[in-house]
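Fold and geometry: a report
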Amino acid sequence: MSDVFINYRTGDEESAATLIARELVRRFGREHIFFASNSIELGHRFPAELDGAAEKCDALIAVIGPRWAKVLGPDGRPALEAEQDWTRREIRTALDRGILVIPVLVGKATRIDRLVLPEDLRELADCQYKRFDHRNSDADLAVLGDALARQLPELGKLDRDAPAARDRAETKSRKGSAKDAGHTRMRTRDVEQRVRGGIGNLNGDLGTFVNEPQGPVNTGPGPQYNAPHFEGDNTGQFTAGDNSGTVHQRFERERRPSDDRR
C-alpha cells in the first residue's frame, strides 16, 4: 500500500505538520500516514523506525516554515548543516529513492532557497511545492489530499473524500473551460472591433486590409485589400481615394547608374 511520510523540523511549524497529518489520517487511514510523534509505538527505537518508514514510503511531505533552515542544533550551528540531522536524512532518503516529494511552504516561507540547502538536498528546490496558510487551512489541506489521491492510485482507493474530490476536480475543470471561452470571446471581439474600425493587419507581413475606407490609404509592406491590387518592388508609393472613383498611383523609383547607360 502507499504510505505517506510527514517530514518536519522541531521548532518550525510543528502545528502545521500536525494539521496535515491529522487530515491525511482522516482521509486515508492512520496506518498509511507516518507521523513520528503518533506512529512510533512507546518503547520502540525511533532511529530504526524513522529509517524504515523513510525507506518504504511512496511519498514524503516536507513541511517547511520560515525557521526551517535556521533552527540550531546542539552544536549551536544550523541543524540543517549536520549530515545526521533527521530532517535532512529523511528528505535525502526520499530524493535518492526518486519517490514523490512535496514541499509544503508554511506562512512566511515564500520559496526554497537553493543556496541554503546542503548539496544532497539541492534537488528539493526543483520540486513543485504547495503553499499552506493557517487562515486557509481547509482549502489547502483539501488540495494536498486531492493531489496525493490522484498521484498515488493505491492510496486514492482508500480516500474517504473521493466523491468530494471528484466534485472539486469537475468544478475546477468547468471554471478552466469558462475562462478559456472568455479569452476566446475577448480575442474575437477585439478582431471584430479592429475590422469595424476600418484598418488592420493580416498576419503581420501579409499586408494591410481596409474596411470601408473614407480617406487616403497607404499600403504597408504587402498588397492592399478591398482596393485595387498593387504589386511591385515596394519602392513606390501607392495612394488611394475613397474607392469610389479612379485610383491613382505614383512611382518614385530610385535611379540606378545602369539606367543612365541605357
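See the structure shown above.
Residues numbered from 1 in each chain as written. Predicted model: local features only at pLDDT ≥ 70, side-chain atom pairs only at ≥ 80, totals over all residues. Heavy atoms only, no water.

1. What to know about the nonpolar core
If you look at the biggest cluster of nonpolar residues, it comprises 25 residues, and the most contacted ones within it are V4, I6, I20, L24, I61, V63 and L148. At the level of elements, β1 (4–7), α1 (14–28), β3 (59–64), β4 (100–106) and α5 (137–151) are the ones that each hand at least two residues to this core. Among the elements that make up this core, the one with the highest residue count is α1 (seven residues). If you look at the next biggest cluster of nonpolar residues, it comprises 24 residues, including F5, I40, I64 and I112. (Core = buried A, V, L, I, M, F, W, Y, C linked by side-chain atoms within 4.5 Å. Buried < 20%, exposed > 50% of the residue type's maximum accessible area, 1.4 Å probe, protein only. Helix = DSSP H or I, 4+ residues; strand = E, 2+ residues; numbered from the N terminus.)

2. Some remarks on the packing of helix α3 (residues 46–56) against helix α4 (residues 86–97)
Two quantities define a packed helix pair, namely the angle between the axes and the distance from one axis to the other. Running from N to C, α3 and α4 point in directions that differ by 25°, and their axes come no closer than 9 Å. Considering their axes alone, α3 and α4 lie roughly parallel with respect to each other. The hand of the α3/α4 crossing is right-handed. Counting all contacts with α3, which are made through F46, P47, L50, D51, A54, E55 and K56, the residues of α4 involved are W86, R89, E90, T93 and R97. Its residues placed into classes, the contact of α3 with α4 shows five nonpolar, one polar and six charged. (Axes fitted to C-alpha atoms, helices over the stretch in contact; angles between N-to-C directions. Parallel < 35°, antiparallel > 145°, perpendicular 65-115°, else oblique. Left-handed = near helix turned anticlockwise from the far one by under 90°. Contact = heavy atoms within 4.5 Å. Nonpolar A, V, L, I, M, F, W, Y, C, P; charged D, E, K, R; others polar.)

3. Structural notes on the pattern of salt bridges
The full count for this structure, using the stated rule, is 15 salt bridges. For the salt bridge of D161 with R27, the shortest nitrogen-to-oxygen distance reads 4.0 Å. Separated by 134 residues along the polypeptide, D161 in the loop between α6 (153–156) and α7 (162–197) and R27 in helix α1 bring together distant segments of the chain. R27 matches D161 in its accessibility class, with the two residues each being buried. D120 is the salt-bridge partner of R92, the closest N and O atoms lying 2.9 Å from each other. Residue R92 is located in helix α4, and its partner D120 is located in the loop between β4 and β5 (130–132); the two are separated by 28 residues in the primary sequence. (Salt bridge = Lys/Arg side-chain N within 4 Å of Asp/Glu carboxyl O.)

4. Notes on the packing of α1 against α5
In the contact formed by α1 and α5, the axes pass within 10 Å of each other and the chain directions differ by 50°. In terms of axis orientation, α1 runs oblique to α5. Here α1 runs over α5; the crossing is right-handed. Counting all contacts with α1, which are made through L19, I20, E23, L24, R27 and F28, the residues of α5 involved are L141, A142, L144, G145, D146, L148 and A149. Partitioning the contact of α1 with α5 into residue classes produces nine nonpolar, one polar and three charged.

5. Concerning the environment of L105
Mapped onto the elements, L105 comes out in strand β4. L105 gets classed as buried once you look at its relative accessible area, which sits at 1%. Taking the C-alpha atoms as reference, L105 lies 4.8 Å from R131; in sequence the two are 26 residues apart. The residues contacting L105, other than those within four sequence positions of it, are I64, T110, R111, I112, Y129, K130, R131 and F132.

6. Concerning the environment of D120
Residue D120 is classed as partly exposed on the basis of its relative accessible area of 25%. Between the C-alpha atoms of D120 and T93, which are 27 residues apart in sequence, the distance is 9.7 Å. Within the local environment of D120, its side chain forms a polar contact with the side chain of R92, the two groups lying 2.9 Å apart. (Polar contact = N/O pair within 3.5 Å; in protein donor to acceptor, adjacent residues only side chain to side chain.)

7. As for the packing of aromatic side chains
According to the stated counting rule, one finds three aromatic pairs in the structure shown. Between F5 and F34 the ring centres are 4.9 Å apart and the planes differ by 25°, which places this aromatic pair in the stacked class. With a gap of 29 residues between them, F5 in strand β1 and F34 in strand β2 (residues 33–34) connect regions that are remote in the sequence. Relative accessible area serves as the criterion here: at 1%, F5 is assigned to the buried category. By relative accessible area, which is 13% here, F34 ends up buried. Note that R9 overlies the ring of W68, its terminal NZ or CZ placed 5.9 Å from the centroid. Against the face of W86 rests R89, its NZ or CZ located 3.9 Å from the ring centre. (Phe/Tyr/Trp six-rings, centres within 6.5 Å; stacked < 30°, edge-to-face > 60°. Lys NZ or Arg CZ within 6 Å of the ring centre and 35° of its normal.)

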